[in-house]
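# Descriptive analysis of the structure
So you can see what is in the structure, the chains are spelled out below.
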Amino acid sequence: MLRVVVTVNLVVLTFWRRDNFDRPVATALVVAALVGWTAFALWAYSSAVRRGPPLLVLDLATALGALLATPWLKGDDFNATLPGFWIMGVLLAWAVHWRWQGGLVAAALLSLVDLAIRPDLTQANYGNVFLLMIGGPIVGYLCQSLQQMAAERDLAQQAAASAGERARLARAVHDGVLQVLALVQRRGAELGGEFADLSRLAGEQESSLRSLIRQQDTLVTDAADADLAVALDDLGGPTVTVVTPGAAVPLPAYVVSEVVAATRACLDNVAVHVGPQAPAWVMLDATEDRVVVSVRDEGPGIPGDRLAAAEAEGRLGVSSSICGRLQDLGGTAELSTGSWGTEWELSVPRAGGAA
Amino acid sequence: MSNGAGESTDAAAIRVMVVDDHPMWRDAVERDLEVAGFEVVGVASTGAQAVARFPAARPHVVVLDLQIPEPNGVEVTRTVLEHDPSARVLILSASGEQADVLEAVKAGATGYLVKSASREELLSAVRRVAAGDTVFTAGLAGLVLGEFRRLSGPAQDGPAVPELTERETEVLKMVAKGMSYKQIAERLVLSHRTVQNHVQNTLRKLQMHNRVELTRYAIEQGLDGDD
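Residues numbered from 1 in each chain as written. Chains lettered and ligands numbered in written order. Predicted model: local features only at pLDDT ≥ 70, side-chain atom pairs only at ≥ 80, totals over all residues. Heavy atoms only, no water.

Looking now at the overall build of chain A. Secondary structure assignment for chain A yields ten helices and seven strands. Counting across all 355 residues of chain A, residues that qualify as buried make up 41%. Long-range pairs, those at least 24 residues apart, make up 64% of the contacts in chain A with a sequence separation of at least 6. For chain A, the accessible surface area stands at approximately 18900 Å², while carbon and sulfur atoms represent 63% of it. (Helix = DSSP H or I, 4+ residues; strand = E, 2+ residues; numbered from the N terminus. Buried < 20%, exposed > 50% of the residue type's maximum accessible area, 1.4 Å probe, protein only. Contact = heavy atoms within 4.5 Å. Areas by Shrake-Rupley, 256 points an atom, 1.4 Å probe, with all protein chains shown as cover.)

Below, the structure is given as structure tokens:
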């Protein structure tokens, strides 16, 4: 495009200033040759294969040739060279192709020839040469950084795309593995015997893979906070069902670890008093101003006086590991028990509500 | 044999469609259902197939995996229920993608079961969903409860934020703690039917809210004229 503009400029200017030329016919021929070369160059530069050193050198040679022809065509006393601004096309081509070095070399050669053919150096000529010397390298440098940026952007896009693809594949693989584990679990339990063990193993793997996926999916933004939901999920297993609200419940890390420890103590109680295979349920209910973790079992319940008696006897296990922890957090631990089983409700206030 | 005497709907009359992209699962579920006397009127392995085959198959219940090729389970739920509001969708999901389960329930699914559930649990769930009951797992109850907690939290500019009654919250919490409807009825001295109604109401409120939100979104986006 630039080439077309400067070529049109060249033709018009030459026609307008035709009186200045000592040899009009030869000038017309040279201009025609330059127009022809421009057309050829436009075609040649359009392909990456042809856009090699030979073309660029030839292009520059043409420009230099046109410059050198000026004194012969115009006589020794001239102001503007015959090609004039037309040389910009070549300069830019060199700058684009060989970066600032190319721009510098082309600018230097063009300036040198331009100065050599002139009888004297005027202020305007010096300005033109100066612009050439500055413009060539700068355009080359800009091209270089543009290309670098494009390459870096391509690389970043590629990295993002491949990370996305990995995540998608991982999800598909996880999903497939979960399906198989679930199927093994289900069929194994139906077949019984040795398969029941297989079923139990599959169940364990399923729940650990599930909580792993969960941990990857929910990220807590504040590093000082931890996600109580994910931490409780880790307690789940074949006998323990953990139910969480489906969104991160960020709390200070020490609160999370204390609540998890208290919950674990409740579950240990279930295993000791009801039985190691007894089912238990952990449920997290997070409201704006507090979180409540309930731990439930369907055992025979705890006789009302037993806890107090245990405390009186100096066996402080339950009281200190559950009630004590909650009290330290400014919360409460309440126990309800009956023929239907036992239920702990661990309640902790949330400072300042949800983040 | 597994046809419970108290079930209000006869298994033989229930038409079921199974949508799952894992052939082994699809076959296992299909076989279980057929052995139990259900009529499997269609199967599909992608969302597109499910949506295309649904009108001709006219199932009462769609047993739907959420992780299927496009459109996903949530979209399929929305589409088939738009086509036939009397149909029921039972989500049978393997992966722990909780957000998807919640979205499917908001889109109108009335049952949710994890794939590791036993065959009896699956058959009973299909029967109950077909009868219009909601099948909640403790996990789903926890998600729904969490959603209501978030909705009633601060910074909610929605016009009609649904609120649960105290009783509904209480029942939902008990379901989330893993209690069966029967246990809840005993603890609260209510009838089984009343417990069931409370659970259904929580879902209905959530689905209603979701529809209001979708409509509001559509109006905001200037899409209301297209309808």
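Let us keep going from here.
Right, let's get into the UniProt feature "modified residue: 4-aspartylphosphate" (unreviewed entry) in chain B. With numbering matched to this structure, UniProt assigns "modified residue: 4-aspartylphosphate" (unreviewed entry) to B:Asp65. Mapping B:Asp65 onto the fold places it in the loop between strand E3 (61–64) and helix H3 (73–83). We classify B:Asp65 as buried; its relative accessible area is 1%. When neighbours within four sequence positions are excluded, B:Asp65 is seen to be in contact with A:Gln179, B:Val19, B:Asp20, B:Asp21, B:Gly73, B:Leu92, B:Ser93, B:Ala94 and B:Lys115. Only 3.4 Å separates the side chain of B:Asp65 from the backbone nitrogen of B:Gln67, close enough to count as a polar contact. (UniProt positions renumbered as here; feature names shortened; annotations may be inferred. Polar contact = N/O pair within 3.5 Å; in protein donor to acceptor, adjacent residues only side chain to side chain.)

Residues and elements named next belong to chain B. Every buried residue of helix H8 (residues 181–188) is accounted for by Tyr181, Ile184, Ala185 and Leu188. What you see down the axis of H8 is that its buried residues fit within an arc of 100°, all on one side. Residues of H8 that are exposed and point over 90 degrees away from its buried face: Lys182 and Glu186. Phi turns positive, to about 55°, at valine 189, one or two residues after H8. (Arc of directions from axis to C-beta.)

The next thing to look at is the interface of chain A and chain B. Interfaces are frequently sized by the accessible area removed from exposure as the parts join. At the junction of the two partners, chain A supplies 32 residues and chain B supplies 39 residues. Buried area between chain A and chain B, summed over both chains or domains, comes out near 3000 Å², and the portion from carbon and sulfur atoms is 51%. Where chain A meets chain B, there are four salt bridges. A salt bridge links B:Lys173 to A:Asp285, with the shortest nitrogen-to-oxygen separation between them at 3.8 Å. Scanning the region where chain A abuts chain B turns up six residue pairs in polar contact (both at pLDDT 80 or more). At the level of elements, helix H5 (123–191), helix H6 (194–217), strand E4 (280–286), strand E5 (290–297) and strand E7 (341–349) of chain A are the ones that each hand at least two residues to the side of chain A that touches chain B. Top element by residues in the side of chain A that touches chain B is H5(A). It accounts for twelve residues. The class makeup of the residues in the side of chain A that touches chain B is eleven nonpolar, seven polar and 14 charged. (Buried area = accessible area lost by both parts, 1.4 Å probe. Salt bridge = Lys/Arg side-chain N within 4 Å of Asp/Glu carboxyl O. Nonpolar A, V, L, I, M, F, W, Y, C, P; charged D, E, K, R; others polar.)

Another aspect to go through is unusual backbone geometry. For the bond from B:Glu70 to B:Pro71, the omega torsion is -15°, close enough to zero to count as cis. The residue B:Pro71 is located in the loop between E3 and H3 in this model. Positive phi is not limited to glycine here, since A:Arg99 has a value of about 60°. Residue placement: A:Arg99 occurs in helix H4 (residues 87–116). Even without being glycine, B:Val189 reaches a positive phi, approximately 55°. Residue placement: B:Val189 occurs in the loop between H8 and helix H9 (192–220).

We now examine the UniProt feature "transmembrane region" (unreviewed entry) in chain A. Residues and elements named next belong to chain A. UniProt feature "transmembrane region" (unreviewed entry): in the numbering of this structure it lies at residues 25–43, 55–73, 85–113 and 125–142. As annotated, residues 55–73 has a helix share of 100% and a strand share of 0%, and its two end C-alpha atoms lie 26 Å apart. From the first C-alpha to the last, residues 85–113 spans 14 Å; its make-up is 93% helix and 0% strand.

This part is about the state of the cysteines. Residue and element names in this part refer to chain A. Tallying each qualifying case throughout the model produces zero disulfides over all chains. Left unpaired, cysteine 266 is separated from the closest cysteine sulfur, that of cysteine 323, by 8.6 Å. The exposure class of cysteine 266 is buried, given its relative accessible area of 1%. On the basis of relative accessibility, which here comes to 23%, the residue cysteine 323 falls in the partly exposed class. (Disulfide = S-S within 2.5 Å.)

Residues and elements named next belong to chain B. Across the six residues of strand E4 (residues 88–93), five count as buried, placing the element largely inside the fold. Examined bridge by bridge, E3 and E4 share four bridges and lie parallel to one another. Bridged to valine 63 within E4 is leucine 90. Remark: the E3/H3/E4 crossover connection has right-handed handedness. The sheet contact formed by E4 and strand E5 (residues 111–114) spans four bridges and is parallel. Bridging from a neighbouring strand, serine 93 pairs with valine 114 of E5. (Pairing = 2+ DSSP bridges. Right-handed = clockwise from strand over helix to strand, strands pointing away.)

It is worth spelling out a nonpolar patch on the surface at this point. Residues and elements named next belong to chain A. A contiguous nonpolar surface patch, about 1200 Å² in accessible area, is contributed by Trp100, Leu104, Leu115, Leu121, Tyr126, Phe130, Leu131, Met133, Ile134, Ile138, Tyr141 and Leu142. Contributing elements (two or more residues each) for the nonpolar patch: H4 and H5. When residues of the nonpolar patch are assigned to their parent elements, the largest contribution, eight residues, is made by H5. (Patch = residues over 30% accessible without salt bridge, like charges linked within 9 Å, V, L, I, M, F, W, Y side chains within 5 Å.)

All names here are of chain B. Following both chains from N to C, one finds helix H4 (residues 98–106) and helix H6 (residues 138–151) inclined at 80°, their axes separated by 10 Å at the closest point. The orientation of H4 with respect to H6, classified from their angle, is roughly perpendicular. Between H4, through Gln98, Val101, Leu102, Val105 and Lys106, and H6, the contact on the second element is made entirely by Leu140, Leu143, Val144, Glu147 and Arg150. (Axes fitted to C-alpha atoms, helices over the stretch in contact; angles between N-to-C directions. Parallel < 35°, antiparallel > 145°, perpendicular 65-115°, else oblique.)

What follows covers the packing of aromatic side chains. Residues and elements named next belong to chain A. All chains considered together, the criterion is met by four aromatic pairs over all chains. With a centroid separation of 5.2 Å and 45° between ring planes, the pair formed by tryptophan 37 and phenylalanine 40 is classed as tilted. With a gap of three residues between them, tryptophan 37 and phenylalanine 40 both fall in helix H2 (residues 24–45), about one helical turn apart. By relative accessible area, which is 14% here, tryptophan 37 ends up buried. Measuring from ring centre to ring centre gives 5.7 Å for phenylalanine 40 and tryptophan 43, while their planes differ by 45°; the resulting arrangement is tilted. With phenylalanine 40 and tryptophan 43 both in helix H2 and three residues apart, the pair spans about one turn of that helix. Overall, the relative accessible area of 48% leaves tryptophan 43 in the partly exposed class. A network of ring pairs unites the aromatic residues Trp37, Phe40 and Trp43 as a single cluster. Stacked on the ring of tryptophan 281, the Lys or Arg arginine 296 has its end atom at 4.3 Å from the ring centre. (Phe/Tyr/Trp six-rings, centres within 6.5 Å; stacked < 30°, edge-to-face > 60°. Lys NZ or Arg CZ within 6 Å of the ring centre and 35° of its normal.)

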